[in-house]
Amino acid sequence: MRSHPFLDYFASVSEFQRIDFLWRPFLPDPDDDLVLEVAVAGRVDAIVTYNQNDFVGSDRLGVRIIRPQDFIKETRI
């Protein structure tokens, strides 16, 4: 199997996140609930996704949902 430099880097800077509390069901799609639970447990500021409508209400848990292009604008130096 060939490795991918970006995925290798991403894995090397990632941290295992234990989830002690489940918020399910919170969102319409159970797969999205998993993403939101990791975000809450990891105390992230935002989830970057094109699927903003799938995460409506996540702000009640302190997680903003932003589009990739807005994330890029916010992080430009």
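Being a predicted model, the structure only gives us computed values, none of them experimental.

Topic: the pattern of salt bridges
Thought 1: Within the structure shown, the criterion is met by four salt bridges.
Thought 2: Where Glu37 meets Arg24, a salt bridge forms, and the shortest distance between an N and an O atom there is 2.8 Å. On the criterion of sequence distance, the pair formed by Glu37 in helix H2 (residues 30-41) and Arg24 in the loop between helix H1 (5-13) and H2 is long-range, its members being 13 residues apart.
Thought 3: Residue Arg24 is classed as partly exposed on the basis of its relative accessible area, which comes to 41%.

As for the layout of surface pockets
Thought 1: If you add up the space inside the largest pocket, you get close to 510 Å³.
Thought 2: Phe10, Ser14, Val38, Val44 and Ala46 are, among the 15 residues lining the largest pocket, the residues nearest its centre.
Thought 3: For the lining of the largest pocket, the secondary-structure elements that each account for two or more residues are H1, H2 and strand E1 (46-48).
Thought 4: By residue class, the composition of the lining of the largest pocket is 11 nonpolar, three polar and one charged.

Some points on the packing of aromatic side chains
Thought 1: Tallying each qualifying case throughout the model produces one aromatic pair.
Thought 2: An angle of 25 degrees between the planes, with centres 6.0 Å apart, marks the rings of Phe6 and Phe10 as stacked. One end of the pair, Phe6, and the other, Phe10, are both in helix H1, four residues apart, so they sit about a helical turn from each other.

Quick look at the side chain of Asp32
Thought 1: Tracing the backbone through its elements, the reader meets Asp32 in helix H2.
Thought 2: For the buried Asp32, no salt bridge is present, and the opposite-charge side chain at shortest range is Arg24, 11 Å distant.
Thought 3: Each residue touching Asp32, except ones within four places of it in the same chain, is listed here: Leu27, Asp54 and Phe55.

Overview of H2
Thought 1: Over its 12 residues, H2 runs 17 Å from end to end, which matches the ideal 16 Å to within 8%, given 1.5 Å per residue.
Thought 2: For H2, every residue scored as buried is listed here: Asp32, Asp33, Leu36, Glu37, Ala39 and Val40. The arc that holds the buried residues of H2, viewed along the axis, is 160 degrees, so those residues lie on one side.
Thought 3: Residues of H2 that are buried sit in contact with E1.
Thought 4: Of the residues flanking the start of H2, the one acting as N-cap is Asp29, its side-chain oxygen 2.8 Å from the backbone nitrogen of Asp31.
Thought 5: A positive backbone phi angle near 55 degrees is found at Arg43, which sits one or two residues after H2.

Reading the values: the criteria
Residues numbered from 1 in each chain as written. Predicted model: local features only at pLDDT ≥ 70, side-chain atom pairs only at ≥ 80, totals over all residues. Heavy atoms only, no water. Salt bridge = Lys/Arg side-chain N within 4 Å of Asp/Glu carboxyl O. Helix = DSSP H or I, 4+ residues; strand = E, 2+ residues; numbered from the N terminus. Buried < 20%, exposed > 50% of the residue type's maximum accessible area, 1.4 Å probe, protein only. 1 Å grid on protein atoms, 1.4 Å probe; cavity = no way out; pocket = protein on both sides within 12 Å on 5 of 7 lines; lining within 4 Å. Points joined across faces, edges and corners; volume = space filled by probe spheres on them. Nonpolar A, V, L, I, M, F, W, Y, C, P; charged D, E, K, R; others polar. Phe/Tyr/Trp six-rings, centres within 6.5 Å; stacked < 30°, edge-to-face > 60°. Lys, Arg positive; Asp, Glu negative; His and termini not counted. Contact = heavy atoms within 4.5 Å. Expected span 1.5 Å × (residues − 1). Arc of directions from axis to C-beta. Polar contact = N/O pair within 3.5 Å; in protein donor to acceptor, adjacent residues only side chain to side chain.

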